[in-house]
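# Coordinate analysis (summary)
As a plain string of letters, each chain reads:
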Amino acid sequence: METPKRPSSFAQYKTLLAKDLRQEFRTREMLVSMGVYALLVIVVFGVALSFARPGEEFLEVSAGLLWALIVFTSLLGLNRSFSHEIEEGCLEGLLLAPLDHGVVFLSKATSNMVFLLIVEAIAIPLYWLFFSSLAHPAETGWLMVAPILVGSVGIAGIGTLLSTITVNTRGKDVMLALLFVPIVFPLLYACVSATTAAIVGGDLMAESFMVSLALAAGYDVIMILASWVLYDFVVGA
Amino acid sequence: MKEKAREVKLPESGQWPDRIAPVVLGAGIVLSTLGFLLAFLWVGPVYGASVDGVELIGGSMVSQMLLISQKIFYFHMPVAIVSFIALAFAAYYAIRFLMTKEQRFDSCSQVAMEVALLFVICTMITGEMWTRFEWGVWWTWEPRLTTYLILMLIVIAYFILRNAVDEPERSATYSAVISIIALIDVPICFMVTRLIPSSIHPVVLREGGMTADMGICLAVCLLGLLCVGFALYRARFNQLRLSQRVEAMKQTLEEQQ
Amino acid sequence: MNPILEQIYSTVIPSAPYVIAAYALIWVALLVYLLFIMRGTKKAQAQMTLLEEELAAQEAKRSAEASLSTSAALGEDKVS
């Protein structure tokens, strides 16, 4: 008689992540809705900027607009990421399994981050394509990949915790936005600063890119640790 | 349940903080009134931009404009400090709640958060009045202003979240998590808005340095407002406990019938 | 008043409304919260007295019933 060996935490993590990704790639429900939503936000920006004069001034606001796009799109994705788990009672099944809740958090955060990055990979080139008539980013523009990566990690981390909380509340869509926007504010500020520095280049780049990026990364580490610790209480309630 | 209560000492109305609360309230009223009077009558004035001459006022030569608006500062900074202390207490009781799952700690956390909201609103009001006069605008994205706006938004979201969950246990857990996140988030917010060298938003620096009399006045105001905050906390806590007991009694009566 | 003194005191009058408003609004905010607490306390206390009366009436009713019934019924009552 031998008892079956308990799978390692990493194996559990891989299984859960694969489950989420497989489910999404089969229906592509969330990716399509996030992608179309991002396009719609770009259209709204197009209207908002339709009377703007082309020129270098646009570069200073373009990073902010880009991050507004990312925040709105990620809000949509985070809202959806738990709603189908609840609708089909999957979350309860998941929590009944002898799993560490930290693993559930990490897998869910990773899948949210993967979806966000996929949508960003489509939406951000589109953004530059649509607004290329206004201004071109500086040579260092490709460096904005770094703040976008760091920002996506943070958004996925804290966003997963918050969407788990709000999925059980009344008026969950509004509730998520109410909690998410102020809590993610420092990360947003740092990322906008770093992205602006990358796009504008020159003196601003040298001055504030690394500081902003380091602060954003610090926020990521602290908030993901806090979310990881607190997640156990949230799903246990 | 009773054994558990013996292990964890639960805060309850009528314990030692309530016995000292009236004294503290009195001290708070006296000290904050004293601070108010000191700020206007005793502390030396602060001067701003130079004028085109010198005049002898009260035995000293004055060549700069008198800044009365600076008097707001003597209540503004203590109020801000008290709001942050209340936030820290809310997070402390939230941690106690998550560890013990005792509803009582959740009540403490909620009341501390309410006091924090009250003092955050006071901070915003005084800050706005000063900003409006000195900088001529109602709002700028200056680090301290931004941090307090974010703090206020998180605290408001906390109360909306509390009311959006029906099960008491769940609502308590979620609010505890949010109050801990708020305590972590606010210093980061201040750091981020402060440390990023920004050529887009000018960081306004006030020439610093406090004289001894300013420090004393500030300390008196801070002490007074801390006492007021504590007394308000206890009063609200007693009221909440009374309401909770009424609810419990209603339930037992319904069960008996 | 000479012009220099006028310049020195030039900010006093314009800033006065803001200073007064700042202090008054703090005071109002604290007072509103205090009134809110006091109203809640009054309401809860009124409800408490009503409930206590109700409870006392029920107790009286029950003890009257208990004295009428047999000792076995009394035992049952204690269990419940």
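Residues numbered from 1 in each chain as written. Chains lettered and ligands numbered in written order. Predicted model: local features only at pLDDT ≥ 70, side-chain atom pairs only at ≥ 80, totals over all residues. Heavy atoms only, no water.

## Some points on the side chain of Asn112(A)
Residues and elements named next belong to chain A. With respect to the helices and strands, the residue Asn 112 is situated in helix H5 (residues 101-130). Here Asn 112 falls in the buried class, since its relative accessible area comes to 7%. Leaving out residues up to four positions away in the same chain, Asn 112 has contacts with Met 30, Leu 78, Ser 81, Ala 156 and Thr 160. (Helix = DSSP H or I, 4+ residues; strand = E, 2+ residues; numbered from the N terminus. Buried < 20%, exposed > 50% of the residue type's maximum accessible area, 1.4 Å probe, protein only. Contact = heavy atoms within 4.5 Å.)

## Regarding the packing of helix H5 (residues 143-164) of chain B against helix H6 (residues 168-195) of chain B
When two helices pack together, their arrangement is given by the angle between the helix axes and by the axis-to-axis distance. Residues and elements named next belong to chain B. Between H5 and H6, whose axes approach to 9 Å, the crossing angle comes to 170 degrees. Comparing their axes, H6 and H5 come out roughly antiparallel. Between H5 and H6, the contacting residues are Pro 143, Arg 144, Thr 146, Thr 147, Ile 150, Leu 151, Ile 154, Tyr 158, Leu 161 and Arg 162 on the first element and Ser 171, Tyr 174, Ser 175, Ile 178, Ser 179, Ala 182, Asp 185, Val 186, Cys 189, Phe 190, Thr 193 and Arg 194 on the second. Among the residues forming the contact of H5 with H6, the class breakdown is 12 nonpolar, 6 polar and 4 charged. (Axes fitted to C-alpha atoms, helices over the stretch in contact; angles between N-to-C directions. Parallel < 35°, antiparallel > 145°, perpendicular 65-115°, else oblique. Nonpolar A, V, L, I, M, F, W, Y, C, P; charged D, E, K, R; others polar.)

## Quick word on the packing of aromatic side chains
Evaluation of the coordinates by the stated rule reveals 17 aromatic pairs over all chains. Considering the side-chain rings of Phe75(B) and Tyr23(C), the 5.0 Å spacing of their centres and the 65 degrees angle between planes classify their relative orientation as edge-to-face. Of this pair, Phe75(B) sits in helix H3 (residues 73-100) while Tyr23(C) sits in helix H2 (residues 12-68), each in a different chain. Residue class for Phe75(B) comes out buried when judged on its relative accessible area of 8%. Through a chain of ring-to-ring contacts, the aromatic side chains of Phe58(A), Tyr127(A), Trp128(A) and Phe131(A) assemble into a single cluster. (Phe/Tyr/Trp six-rings, centres within 6.5 Å; stacked < 30°, edge-to-face > 60°.)

## Some thoughts on helix H4 (residues 103-134) of chain B
All names here are of chain B. The terminal C-alpha atoms of H4, which comprises 32 residues, lie 46 Å apart, in line with the 46 Å expected from a rise of 1.5 Å per residue. Where burial is concerned, most of H4 is hidden: 27 out of the 32 residues are buried. In the stretch just after H4, Gly 136 is the one whose phi turns positive, near 75 degrees. (Expected span 1.5 Å × (residues − 1).)

## A few points about the nonpolar core
Tyr127(A), Ile158(A) and Phe180(A) are the most contacted members of the largest nonpolar core, which totals 152 residues. Ranked by the residues each element gives to this core, the list is headed by H4(B), at 15 residues. Those residues within four positions of Tyr127(A) in sequence are excluded, and the remaining contacts are Ile42(A), Phe45(A), Phe58(A), Ser62(A), Leu65(A), Leu66(A) and Leu69(A). Among the nonpolar cores identified, the runner-up in size contains 5 residues, and Val246(B), Met249(B), Leu253(B) and Met48(C) belong to it. (Core = buried A, V, L, I, M, F, W, Y, C linked by side-chain atoms within 4.5 Å.)

## Notes on the packing of helix H7 (residues 172-200) of chain A against H5(B)
Running from amino to carboxyl end, H7(A) crosses H5(B) at an angle of 155 degrees, the nearest separation of the two axes being 9 Å. Taken together, the axes of H7(A) and H5(B) lie roughly antiparallel to each other. Relative to H5(B), H7(A) is oriented so that their crossing is left-handed. Residues Met175(A), Leu178(A), Leu179(A), Pro182(A), Ile183(A) and Phe185(A) of H7(A) form the contact with H5(B), whose own contacting residues are Thr146(B), Ile150(B), Leu153(B), Ile154(B), Ala157(B), Ile160(B), Leu161(B) and Ala164(B). (Left-handed = near helix turned anticlockwise from the far one by under 90°.)

## Concerning the confidence of the model for chain C
Residue and element names in this part refer to chain C. The predicted model of chain C has a mean per-residue pLDDT of 78, with 75% of residues at 70 or higher. Mean pLDDT across the elements of chain C bottoms out in helix H3 (residues 71-79) (50) and peaks in H2 (85). On the interface metric, ipTM, the complex scores 0.86, and its pTM is 0.84. (pLDDT = per-residue confidence, 0-100.)

## Notes on the interface of chain A and chain B
Tallying the contact residues gives 33 residues for chain A and 31 residues for chain B. Approximately 3,100 Å² of surface area, both sides summed, lies buried where chain A meets chain B, with 79% of it carried by carbon and sulfur atoms. There are 1 salt bridge connecting chain A and chain B. The residue Asp166(B) makes a salt bridge to Arg170(A) at a minimum N-O spacing of 2.7 Å. Across the chain A-chain B interface, the total number found is 4 residue pairs in polar contact (both at pLDDT 80 or more). Contributions of two or more residues to the side of chain A that touches chain B are made by helix H6 (145-166), H7 and helix H8 (202-236) of chain A. Per-element accounting of the side of chain A that touches chain B gives the leading share, 13 residues, to H8(A). In terms of residue class, the side of chain A that touches chain B is built from 24 nonpolar, 7 polar and 2 charged. (Buried area = accessible area lost by both parts, 1.4 Å probe. Salt bridge = Lys/Arg side-chain N within 4 Å of Asp/Glu carboxyl O. Polar contact = N/O pair within 3.5 Å; in protein donor to acceptor, adjacent residues only side chain to side chain.)

## Section: the side chain of Thr73(A)
Residue and element names in this part refer to chain A. On the secondary structure map, Thr 73 appears in helix H3 (residues 57-87). Residue Thr 73 is classed as buried on the basis of its relative accessible area, which comes to 3%. Looking at Thr 73, its side chain comes within polar contact range of the main-chain oxygen of Leu 69, at 2.6 Å. If we ignore the near neighbours within four places in the chain, the residues touching Thr 73 are Met 34, Tyr 37, Ala 38 and Val 119.

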